[in-house]
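Observations on the model geometry
Listed here are the chains, written in short residue letters.
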Amino acid sequence: MSACISPSDALLARRLIALTEAGLPLVDDPWAWLAEQLGLDLCAVLGLLHRLHAAGVIRRIAAVPNHYALGYRHNGMTVWDIDDEKVDILGAAVGALPFVSHCYRRPRRRAWRYNLYAMVHGRSSEQIQQYREQIRNILGRANLADDMLVSSRILKKTGLRLPRQP
């Protein structure tokens, strides 16, 4: 654990991660459930989460829906060769689109020219192409080239897993 949190927070963080590594339960108030499981009051749990976030132990808490189960069976990692001076501001605009699940900048490589990546989900391949065209319109002349990488299989997504202590 990070040196920025107390030893008692580190112990509670391990317990919290053990309780949530498979995801939060589908209950009316998952924070109250965590408080009950940890033997703390709700304010203490929320305070712990804030301290862990501030220390960089937790980056974010988010829902991770199964987009296939929701009918979004088409997806692709769109890759873009964007003018380096404009990639940060344009990447933020692309990342804010409702059909983009994640968007990030990566360094170029010798044989790979692309520096902006955006995962796009849709209900049909035609819809994906429409979304790519919307992104092209946002990027305008800063877009020097683009392509799309399509998944060949679904990988199981999991959260943080800590080794079990004796």
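As shown above, the structure is provided for reference.
The structure reproduced in this document is the subject of the present report. Quick caveat, the model's predicted, so the values are computed rather than measured.

Glancing now at the nonpolar core. Soluble globular proteins tend to pack their nonpolar side chains together in the buried interior. Counting 17 residues, the largest nonpolar core has Ile82, Val100, Ile135 and Leu139 as the members making the most contacts within it. Every element with two or more residues in this core is listed here: strand S1 (74–82), helix H4 (87–95), strand S3 (116–122) and helix H5 (125–139). Tallying contributions element by element places H5 first for this core, with four residues. Filtering out sequence-adjacent residues up to four positions away, Ile82 remains in contact with Val87, Leu90, Arg108, Asn115, Leu116, Leu139, Ala142 and Asn143. Membership of the second largest hydrophobic core comes to 14 residues, among which are Ala10, Leu16, Leu38 and Ala55.

What follows deals with the pattern of salt bridges. Summed over the entire model, instances satisfying the criterion amount to nine salt bridges. Two residues, Arg132 and Asp146, come together in a salt bridge whose shortest N-O distance is 3.0 Å. Residue Arg132 is located in helix H5, and its partner Asp146 is located in strand S4 (residues 143–149); the two are separated by 14 residues in the primary sequence. In this structure, Arg136 engages Glu133 in a salt bridge whose closest nitrogen and oxygen atoms are separated by 3.0 Å. Taken together, the positions of Arg136 and Glu133, both in helix H5 and three residues apart, correspond to about one turn of that helix.

Criteria and cut-off values
- Residues numbered from 1 in each chain as written.
- Predicted model: local features only at pLDDT ≥ 70, side-chain atom pairs only at ≥ 80, totals over all residues.
- Heavy atoms only, no water.
- Core = buried A, V, L, I, M, F, W, Y, C linked by side-chain atoms within 4.5 Å.
- Buried < 20%, exposed > 50% of the residue type's maximum accessible area, 1.4 Å probe, protein only.
- Helix = DSSP H or I, 4+ residues; strand = E, 2+ residues; numbered from the N terminus.
- Contact = heavy atoms within 4.5 Å.
- Salt bridge = Lys/Arg side-chain N within 4 Å of Asp/Glu carboxyl O.

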